[in-house]
Structure formats: structure tokens, C-alpha cells
Amino acid sequence: MIAVLIEVLLPIAVVAAAGFALRRALPLDLVTLNRLMIYGLSPALIFVALVRADLSGPDAGRMLFFSVGVLALMALTVWLGALALRLRGKEVTALLLTSMFMNSGNYGLPASRFAFGEAGFTLGVFYFIMQSIMAQTLGVGVAAAGAAGGGKQAWRQVFDRLTHMPQIYAVAGALALRGIGFHPAEATGIARSLFEGVALLSEAALPVMLLILGVQLGAGAPIVQPAMVAFATAIRLIVSPILAFGLARLLGMDGIALGVGVMMAGMPTAVNTTILAIEFDTRPQLVVSTVVVSSFASLVTLSVLLSLVR
């Protein structure tokens, strides 16, 4: 456990702490930083990873299916928990947002590289792609359904968000490039230079992701409804990886694929869920509190989890 904390999580914590300190010292613009990641670095990272990836085995398809399966299991868990606790309305929506969508990008991708190397990182990208799509579509639907003003307008927002996701076009571009037989190692001339330029951009993605994570946590927020926050954090950090392990074994996943999948399922609540919670007024303070608590608590839970699955 101590070895995992030092080898995998300490490098991540160092970069995130730098972002945290910068946010405390300087009035950094979170909106601009997020846009830099969403529209610049993240698409480049996905594009380069998919062009270079070995897609011949079954692990990529299994990881995509696994990601959706984990999300469905979390939705079922929250629904059962809400029935048992007699929760209603926006509290259920807030729990769905904090439990279904994990920080597979800013936190999960760097962790997958440190813990499992390039092969694990590539599988982590597949998990991240599916989670991004689901967060920007199903996440919007869940948030809108829990607020007044759902209905047809919510579906329009889902469609609009999907068509404006640059990650979708990065995936399509990478697959098209592979389809025409492009191989980075064999490329020459302008094609090679262009790809190396995009690859250089992609190399900035992981450290900037961690800096943004630290900046977001550095914004600070008072912890509200501690019992609910503890419940949501337990679902995200403990229940999720346990159920994910069972699902992974059911799908025949083992080795690195199993480790990456379970680790991703044990990531803290996605920071971007706060945007949806604020936009649709679905207990935003509860969501923000869960993001903060689960992010700090994950240093302990992921240390234990990775010591078991690596």
C-alpha cells in the first residue's frame, strides 16, 4: 500500500498540489483552463492515443462496454439506496451525478499511466472516452430530469452538447487515419511533422489535467450535509470498485485490463458534475462537497485498491 502511494499517487499529488497552491495564491480563471483542456489538449490526447493504440485484441471493446456497465450498476445502487433511505427529488439526482460519473480524465488517465504503463494508459483512454460521452449526454439528461425545466429542452441540450464534443471528432479522425493505413512510425514529410505537432500537444495534456484538478480543489467549498456526502463518497470509492470487479470478471477481463477498469471505477467524483449541478440547480453544494471529500479520500482508497489489483 505504501509502495503504491509513493510510486503512483505521490507524483499525481505533487502536480495537483501545485495547481492547488496556484489557485490559493492567484485568481486563476477556471473556465478558461477547462476550455483549454476540453477543446485543445483532451482531443489531441485521444487522437494520438488511438492512432498509436493496438486495437487488434478484445480489451478495447470490453473496456467500452465495461465503462457503460459500471455506470448502470452505480445508477441501480443509488436507486436502491434512495428507496431504502426514502430520498426524493433533487437529492436523488445529486447522488446519481456524484456516483455515476467519476474523474476518469484529470485523475484517472495519469494514474493509469503511472500504475500500468502505456498499455494501461491506452485502455484508460477508452474508458475515459465512453465516460465523457455518457457524462455529456446521460449526465445532462439526469440533471435536467431532476430539475424543473426538463423535457424536450433537456433533449435539445443533450444533442447540442454531443455535437459540440471535440472528443467525438478526435475519435472519428483517428479511426479515419487508421483506415487509410497511416502508421506514425513509418510516416515521412508533412504527414509526420503534422502528427508530431499534435503528439507534442497531447504530451501536455496529463500534467495540465492534474494542474486543473488541483486548481479546482483549491477553489474550496464548505462541506454540507456530511451524512449524505459520506454516503455518496462510500458509493463512489468503495461500492463502485467492488461491483466493477465482479463485472470485469463476468466479462472475462484480467491482467492490465482488469486492473485499469477497477481502478477507474474507484476514482473520485468527476469535478465537471458540479457544472451540471449548478446549471440545473440539483443540490450543487452537496455535489461540490462530495467532489472535494471523495478526491482527498481517494488517496487512501486508491492506495488500497491498487495494491490489490496491480
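Scroll up for the structure.
Here goes a summary of the coordinates provided. (Residues numbered from 1 in each chain as written. Predicted model: local features only at pLDDT ≥ 70, side-chain atom pairs only at ≥ 80, totals over all residues. Heavy atoms only, no water.)

## Some remarks on the overall build of the protein
Helix and strand counts for the protein stand at 13 helices and zero strands. Dimensions of the protein along its principal axes, counting C-alpha atoms only, are 60 × 45 × 45 Å. Expressed as a percentage of the 310 residues in the protein, the buried residues total 49%. Partitioning the contacts of the protein with sequence separation of at least 6, the portion at a separation of at least 24 is 87%. Total accessible area on the protein is roughly 14000 Å²; 69% of this is exposed by carbon and sulfur atoms. The centroid of the 18 positive side-chain charges in the protein is displaced by 10 Å from the centroid of its 13 negative side-chain charges. (Helix = DSSP H or I, 4+ residues; strand = E, 2+ residues; numbered from the N terminus. Buried < 20%, exposed > 50% of the residue type's maximum accessible area, 1.4 Å probe, protein only. Contact = heavy atoms within 4.5 Å. Areas by Shrake-Rupley, 256 points an atom, 1.4 Å probe, with all protein chains shown as cover. Lys, Arg positive; Asp, Glu negative; His and termini not counted. Charge placed at Lys NZ, Arg CZ, Asp CG, Glu CD.)

## Observations concerning the pattern of salt bridges
Evaluation of the coordinates by the stated rule reveals four salt bridges. Across the pair Arg113 and Glu118 runs a salt bridge, and its minimum N-O distance is 2.9 Å. Where Glu196 meets Arg192, a salt bridge forms, and the shortest distance between an N and an O atom there is 3.2 Å. Note that Glu196 and Arg192 are positioned in helix H8 (residues 189–203) at a spacing of four residues, about one turn of the helix. Given the relative accessible area of 41%, Glu196 is considered partly exposed. (Salt bridge = Lys/Arg side-chain N within 4 Å of Asp/Glu carboxyl O.)

## A word on the environment of Val78
By the element assignment, Val78 lies in helix H3 (residues 59–85). Here Val78 falls in the buried class, since its relative accessible area comes to 0%. When the C-alpha positions of Val78 and Leu55 are compared, they lie 34 Å apart, and in sequence the two are 23 residues distant. Excluding anything up to four places from it in sequence, Val78 contacts Val92, Leu95, Leu96, Ser99 and Ile235.

## Focus on the environment of Met102
Summarising the element assignment, Met102 is placed in the loop between helix H4 (90–100) and helix H5 (108–145). Of the residues examined, Met102 reaches a relative accessible area of 3% and is grouped as buried. Sequence-wise, Met102 and Pro27 are 75 residues apart; in three dimensions their C-alpha atoms are separated by 27 Å. Those residues in contact with Met102 that lie beyond four places of it in its chain are Val70, Tyr127, Gln131, Arg236, Met264, Ala265, Met267, Pro268, Thr269 and Ala270.

## Here we look at unusual backbone geometry
In this structure, Arg86 is a non-glycine residue whose phi angle is positive, near 60°. One can find Arg86 in the loop between H3 and H4. With a relative accessible area of 70%, Arg86 lands in the exposed category.

## Topic: H3
In this model, H3 (27 residues) spans 38 Å end to end at C-alpha, consistent with the 39 Å of a helix rising 1.5 Å per residue. Inspection of H3 places Ala60, Met63, Phe66, Ser67, Gly69, Val70, Leu71, Met74, Thr77, Val78, Gly81 and Ala82 among the buried residues, and these make up the whole buried set. Following H3 by one or two positions, Arg86 adopts a phi angle in the positive range, close to 60°. (Expected span 1.5 Å × (residues − 1).)

## Concerning the packing of aromatic side chains
In total, this model carries three aromatic pairs according to the counting rule given. Judged by centre distance (6.1 Å) and plane angle (55°), the rings of Phe66 and Tyr127 are tilted. Residue Phe66 is found in helix H3, and its partner Tyr127 is found in helix H5; the two are separated by 61 residues along the sequence. Here Phe66 and Tyr127 have matching classes, each one buried. Plain terms: the ring middles of Phe182 and Phe195 are 5.6 Å apart, the flat faces sit at 50° to each other, and that makes the pair tilted. Residue Phe182 is found in the loop between helix H7 (166–179) and H8, and its partner Phe195 is found in helix H8; the two are separated by 13 residues along the sequence. Per residue, the accessibility class of Phe182 equals that of Phe195, and both read buried. Here a set of aromatic residues connected by ring pairs shows up, and it is made of Phe47, Phe182 and Phe195. Its guanidinium or amino end placed over the ring of Phe121, Arg113 lies 4.1 Å from that ring's centre, counting from NZ or CZ. (Phe/Tyr/Trp six-rings, centres within 6.5 Å; stacked < 30°, edge-to-face > 60°. Lys NZ or Arg CZ within 6 Å of the ring centre and 35° of its normal.)

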